[in-house]
Amino acid sequence: QVQLVESGGGVVQPGGSLRLSCVTSTFTLSTYDIGWSRQAPGKEREVVSCINANNDKTYYTDSVKGRFTIARDSAKKTVYLQMNSLRPEDAGVYYCTADLRDCSEPDFWGQGTQVTVSS
């Protein structure tokens, strides 16, 4: 059973920063592509960022490029999403995902963590 636990969400003002963490203790993190997907009210769910199992490729959706950074710490079995210069449109529920192939249609999902960007 793959378990993913997110944390780090919260309320932040526009321009602020948050760091999301995704921790697993039930599988070998380094064998999976790990992603962050976002679900905002009234919008389709989208893949925000992804890091491959080899840790040598990353993906960012256009709207977060230059502001978000994904990183994996295999020793801690944790993947982070550093989010800077947050905008109201970044708000939503962020889900950590894992898949053996890619991040587009992941097999495993965390419970989600809420990010609110508001003044």
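About the cut-offs
- Positions within a chain are numbered from 1, following the residues in the order the chain's sequence is written.
- Per-residue local features of the predicted model are confined to residues with pLDDT of at least 70, and side-chain atom pairs are confined, for both listing and counting, to 80 or more; whole-chain, interface and lining totals are unaffected and use all residues.
- To obtain the side-chain values, all non-hydrogen atoms of the structure were used and water was disregarded.
- The rule for pairing is simple: two strands pair if DSSP sees at least two bridges between them.
- Put simply, DSSP marks the helices as runs of H or I at least four residues long and the strands as runs of E at least two long, and each gets a number from the N terminus on.
- Angles here are taken between N-to-C directions and fall from 0 to 180 degrees, while the axes themselves are lines fitted to C-alpha atoms, restricted in helices to the stretch in contact.
- Two cysteine sulfur atoms make up a disulfide if the distance between them is within 2.5 Å.
- Throughout, exposure labels follow a simple rule: accessible area from a 1.4 Å probe, protein chains only, divided by the maximum for the residue type, with under 20% read as buried, over 50% as exposed, and the rest as partly exposed.

Concerning the sheet that holds strand β8 (residues 78–83)
Here is step 1 of the chain: Read across the sheet, four strands follow the order β1-β3-β8-β7 without closing on themselves; strand pairing throughout is antiparallel. The sheet terminates laterally at β1 (5–7) and β7 (68–73), the two strands that pair on one side only. Sheet twist, expressed as the mean angle between neighbouring strand axes with direction ignored, is 15°.
Here is step 2 of the chain: Pairing analysis gives six bridges linking β7 to β8, with the strands arranged antiparallel. Within the sheet, the bridge partner assigned to Ile-70 lies in β8 and is Leu-81.

Digging into the state of the cysteines
Here is step 1 of the chain: The tally for this structure, following the rule as stated, stands at two disulfides.
Here is step 2 of the chain: There is a disulfide in this structure between Cys-22 and Cys-96, and the S-S distance comes to 2.0 Å. Here the disulfide of Cys-22 and Cys-96 is left-handed, its torsion about the S-S bond being about -75°. Taken as a pair, Cys-22 in strand β3 (residues 18–23) and Cys-96 in strand β9 (residues 92–99) lie far apart in primary sequence, 74 residues in all.
Here is step 3 of the chain: Residue classification places Cys-96 among the buried residues on the basis of a relative accessible area of 0%.
Here is step 4 of the chain: Bridging Cys-50 to Cys-103, the disulfide has an S-S length of 1.9 Å. Judged by the sign of its S-S torsion, about 65°, the cystine formed by Cys-50 and Cys-103 is right-handed. Taken as a pair, Cys-50 in strand β5 (residues 46–51) and Cys-103 in the loop between β9 and β10 (108–109) lie far apart in primary sequence, 53 residues in all. Residues Cys-50 and Cys-103 agree in their burial class; the two are buried.
Here is step 5 of the chain: For the protein, the disulfide bridges join cysteines in the arrangement 1-3, 2-4, where the cysteines are counted in sequence order.

Geometric descriptors of this kind do not, in isolation, establish any biological role.
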